[in-house]
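Given next are the chains, with one letter for each unit.
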Amino acid sequence: MNKQLIAERFSKAITTYPREANVQRQIADKMIRLLAKHISSPCSKVIEFGCGTGIYSRMLLQTLRPEELLLNDLCPDMKYCCEDLLEKKQVSFLPGDAETVSFPAESTLITSCSALQWFESPENFFERCNTLLDNQGYFAFSTFGKENMKEIRELTGNGLPYRSREELEAALSLHFDILYSEEELIPLSFEDPIKVLYHLKQTGVNGLSTQSSPAGKQENDLCSSDDNSKNNSKNNLPQQQWTRRDLQLFCERYTQEFTLGTSVSLTYHPIYIIAKKKKV
């Protein structure tokens, strides 16, 4: 998984993400309600990995009232989206890849919303979190399951290596007692397939899984441009992009296969898990 490309795409979407990320906000709302049921407040030391623009971070600060809140994101520019949070003495920001960055030990809670799907090895990260938590520590996250954006996967033949809820639970159970687990499907409706692609681009998701086009090519941006071609060349990334014919074929197939009434659908598949470190 190209972490540099992931960071670049999300950095470009900083200004549009808060407006377009309605599903992610809905998931964060649900996640914080679940946390409030299982974890007492105030919570002493909290780490949030993949904080993004801080949608979930603000909820954490208000609901759990942590004594220390460490925000982390792969994209260093996200720090500027969280300036209001960082004005508070208990909040700090650590940029870097959560799979390798040095987090402080003896944390009370490690948590995240809609980020774990970008990890190379969630299973290794679960083991790492177990060592970073105190003896009563909690690990709570939402991620996306195998049906996530199934429409894009079916038409392009590729996508992120999503884990099922059962696979996540099996990996977690080696180190944690699972207190709560749930999954759901959230269908979104769009006027046409172009609006779907626009939505993906505005949330930073476009092309991050190196998806194949309907013509069998590899592409790095669902909405290609000359600027992106230059950027790909500069970063030694594949430069194959969709042609007008590729885009036309994608839209035709999307409309044919995923029309509901007068609109087309895009499916999100969130998974919510709250776990507690196993007693030794």
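Data block above holds the structure.
The rules behind each value
Within each chain, residue numbers correspond to sequence positions counted from 1 in written order. Only residues with pLDDT of 70 or above have their local features reported here, since the model is predicted, and side-chain atom pairs are shown and tallied only from 80 upward, although totals for entire chains, interfaces and linings are computed over all residues. Just so you know, side-chain values use all the structure's heavy atoms and leave hydrogens and water out. Relative accessibility thresholds used throughout: buried, under 20% of the residue-type maximum; exposed, over 50%; partly exposed, between the two (1.4 Å probe, protein chains only). Labels follow the DSSP assignment, with helices taken as runs of H or I lasting at least four residues and strands as runs of E lasting at least two, numbered in each case from the N terminus. Comment: arc refers to directions from the helix axis out to C-beta atoms. The contact rule is simple, with two residues in contact once any of their heavy atoms fall within 4.5 Å. Throughout this description, a polar contact denotes any pair of N or O atoms lying within 3.5 Å of each other; where both atoms belong to protein, one of them has to be capable of donating a hydrogen while the other can accept it, and for residues adjacent in sequence the pair is counted only when both atoms sit in side chains. We call a set of buried Ala, Val, Leu, Ile, Met, Phe, Trp, Tyr and Cys residues a nonpolar core when their side-chain atoms join them within 4.5 Å. Orientation is described by lines fitted to C-alpha atoms, with helices fitted over the stretch in contact, and by angles between N-to-C directions that extend from 0 to 180 degrees. Convention used here: angles under 35 degrees read as roughly parallel, angles over 145 as roughly antiparallel, angles from 65 to 115 as roughly perpendicular, and any remaining angle as oblique. Two helices cross in a left-handed way if the nearer one is turned anticlockwise from the farther one by less than a right angle. They cross in a right-handed way if the turn is clockwise. Every case where a carboxyl oxygen of Asp or Glu lies within 4 Å of a side-chain nitrogen of Lys or Arg is listed as a salt bridge.

Asker: Please give an account of helix α9 (residues 165-172) that cites residues and values.
Answerer: All buried positions along α9 are accounted for by Leu168, Ala171 and Leu172. Within α9, the buried residues cover an arc of 100° as seen down the axis, which keeps them to one side. In this fold, the buried residues of α9 make contact with α7 (122-132), β5 (133-144), β6 (176-183) and β10 (270-277).

Asker: Which residues make up the side chain of Ser57, and what values go with them?
Answerer: Among the structural elements, Ser57 can be located in helix α4 (residues 55-64). Residue Ser57 is classed as buried on the basis of its relative accessible area, which comes to 0%. Within the local environment of Ser57, its side chain forms a polar contact with the side chain of Glu48, the two groups lying 2.6 Å apart. The contacts of Ser57, once residues within four sequence positions are left out, are Glu48, Cys51, Leu69, Leu71 and Leu85.

Asker: Describe the nonpolar core, naming the residues involved and giving the relevant values.
Answerer: Judged by nonpolar contacts, the single largest core of 60 residues is most densely connected at Leu35, Leu109, Tyr254 and Leu266. Among the elements that make up this core, the one with the highest residue count is helix α3 (residues 22-38) (seven residues). Once residues within four sequence positions are removed from consideration, Leu109 is found in contact with Leu35, Ile39, Cys43, Lys45, Val46, Ile47, Leu64, Leu133, Tyr138, Phe139 and Ala140. Ile110, Phe119, Leu168 and Leu172 belong to the second largest nonpolar core, which has 23 residues in total.

Asker: Let's hear about the packing of α3 against α4: which residues, and what values?
Answerer: The N-to-C vectors of α3 and α4 enclose an angle of 25°; their axes lie 10 Å apart at closest approach. Relative to α4, the element α3 lies roughly parallel. In this structure, α3 meets α4 at a crossing whose hand is right-handed. Along the contact surface, α3 presents Arg25, Ala28, Asp29, Met31, Ile32, Leu35 and Ala36, while α4 presents Ile55, Tyr56, Met59, Leu60, Thr63 and Leu64.

Asker: How would you explain the pattern of salt bridges if you had to name every residue and give the values?
Answerer: Oppositely charged side chains can pair when the atoms bearing their charge come close. Per the stated rule, a full pass over the model turns up 13 salt bridges. Between Lys146 and Glu167 there is a salt bridge, and its shortest N-O distance comes to 3.8 Å. Remark: Glu167 occurs in helix α9 and Lys146 occurs in the loop between β5 and α8 (150-156); sequence separation between them is 21 residues. Note that Lys150 and Glu147 form a salt bridge whose closest N and O atoms lie 3.8 Å from each other.

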